[in-house]
Amino acid sequence: MGATVAGGAGRAHSPITIKDVALQAGTSTATVSRVLNGTGFVSPELRARVLAAARDLGYSPNAVARSLKQRSTHIIGVIISDIANPFFGSVVRGIEDVLAARQYHPLLCNTDRNADKEAMYVRLFCERRVDGVIISAAGQRADHLAILREQGIPWVFVNRRPPAFGGPAVLTDNRAGAYEATLHLIDLGHRRIGVVAGPQDVNTGIDRLAGYQEAMEARGLAIDPDWVVYGDFREESGYQGARKLMALPPERRITALFVTNNQMTIGVLRALRELGVRIPDDVALVGFDDSEWARIVDPPLTTVAQRIYEMGTAAARMLLRAVARTAVPALNEPGRDILLKPRLIVRASCGAGRLTVRERGA
């Protein structure tokens, strides 16, 4: 281990080692190591002398070399798919809180749902020898994740997992949440219910659309194909989807709409306002994700609320347990999953209990 000298005649670029610190402090390298690593007993006077010598010489331990010796970097790679979405901010906060309590540090990367970027970051994490990786998958492609198994690095999926790749995951019961939301609209008397579905290459998009379809089928309601529009979980796709739905002829136009994530719901609200569509008088509205703004829009938004922060904390704890055991799942191993139940929060946008809030377990 060493540090580069910032100044000094004849040694401008020579590495300072613990031998230099020991010589300056008049003690052994073993004593210097105990002081710098905080292990073993050293008298207060000698400790102060060692620290003063290290400070005067400009010595700092080489973290990379130390981590190789200890076979741990105490760094956890975290890959999320959309840093602009507040949802992931809450997930990462949960991850960070658990890691910080255990003296681990997150290294955060954003893929924008791009599998090539995800592959690049996975390779980077392997080169940095992170202790584990938490991933919100970019999509169905998963071949680039095999390197984690090859390198012996544990991983946990959070929120999204490729359908063809194994390993543990912390997920929301998206299908149940979407089923409950759609059933609520049906129970309010709606029969022409549209949906702004998410991308069909990630489990969140697939399962939320399936929950909508299952609720309609359970009540014997046919789905007009034009009532289903697809977005990419971003605001603009929700905006375009709502305009498309509102352009249907009056006899086929929806009276209620289920939107499958928070960002697309913002786009839907913008489109409905531009078109002069009144909520809930003209269209009842239910969103997925209970963002802070959902309570203050007019009318307040009925939502399916995920346990977002808990999703992050659960994923971090699951990964740290695997790190402690050096447990690496098989590539096709069935997921040892934690499935978190969402809840339906009923507000005025669906037309039920206007200006009131009622919570039901999903």
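Structure first, text after, so check above.
This is a predicted model, so every value here is computed, not measured.

Reading the values: rules and limits
Residues numbered from 1 in each chain as written. Predicted model: local features only at pLDDT ≥ 70, side-chain atom pairs only at ≥ 80, totals over all residues. Heavy atoms only, no water. Core = buried A, V, L, I, M, F, W, Y, C linked by side-chain atoms within 4.5 Å. Buried < 20%, exposed > 50% of the residue type's maximum accessible area, 1.4 Å probe, protein only. Helix = DSSP H or I, 4+ residues; strand = E, 2+ residues; numbered from the N terminus. Contact = heavy atoms within 4.5 Å. Pairing = 2+ DSSP bridges. Axes fitted to C-alpha atoms, helices over the stretch in contact; angles between N-to-C directions. Right-handed = clockwise from strand over helix to strand, strands pointing away.

Before going further, it helps to examine the nonpolar core. In a soluble, globular protein the nonpolar side chains are often hidden away together inside. If you look at the biggest cluster of nonpolar residues, it comprises 47 residues, and the most contacted ones within it are Val196, Tyr212, Leu257, Phe258 and Val268. By residue number, the principal contributor to this core is helix α8 (residues 174-187), which donates five residues. Excluding residues that lie within four positions of it along the chain, Tyr212 makes contacts with Ala178, Tyr179, Thr182, Ile193, Gly194, Val195, Ile223, Trp227, Val228 and Phe258. Ile80, Val170, Ala316 and Leu320 belong to the second-largest nonpolar core, a separate cluster that totals 25 residues.

The six strands are arranged β4-β3-β5-β6-β7-β13 in an open sheet whose pairing can be described as parallel. Across the chains shown, the open sheet's two edge strands, defined by having one partner strand only, are β4 (105-110) and β13 (338-340). Pairwise comparison of adjacent strand axes, ignoring direction, gives a mean angle of 15° for this sheet. Judged from the three bridges that link them, strand β7 (residues 169-172) and β13 form a sheet pairing that is parallel. Considered in β13, the bridge of Leu171 is made with Leu339. Across the sheet, helix α12 (residues 308-325) is in contact with β3 (75-80), β5 (132-135), β6 (155-158), β7 and β13; its angle to β7 comes to roughly 165°.

This part takes up the pairing of β6. Burial along β6 is two-sided: the face carrying Trp155 and Phe157 and the face carrying Val156 and Val158 are both buried. With three bridges joining them, β5 and β6 adopt parallel strand pairing. Bridge assignment links Ile135 to a residue of β6, and that residue is Phe157. Each parallel crossover has a hand, and the one from β5 via helix α7 (residues 146-151) to β6 is right-handed. Both β6 and β7 contribute to a ladder of two bridges, which runs parallel. Bridging from a neighbouring strand, Phe157 pairs with Ala169 of β7.

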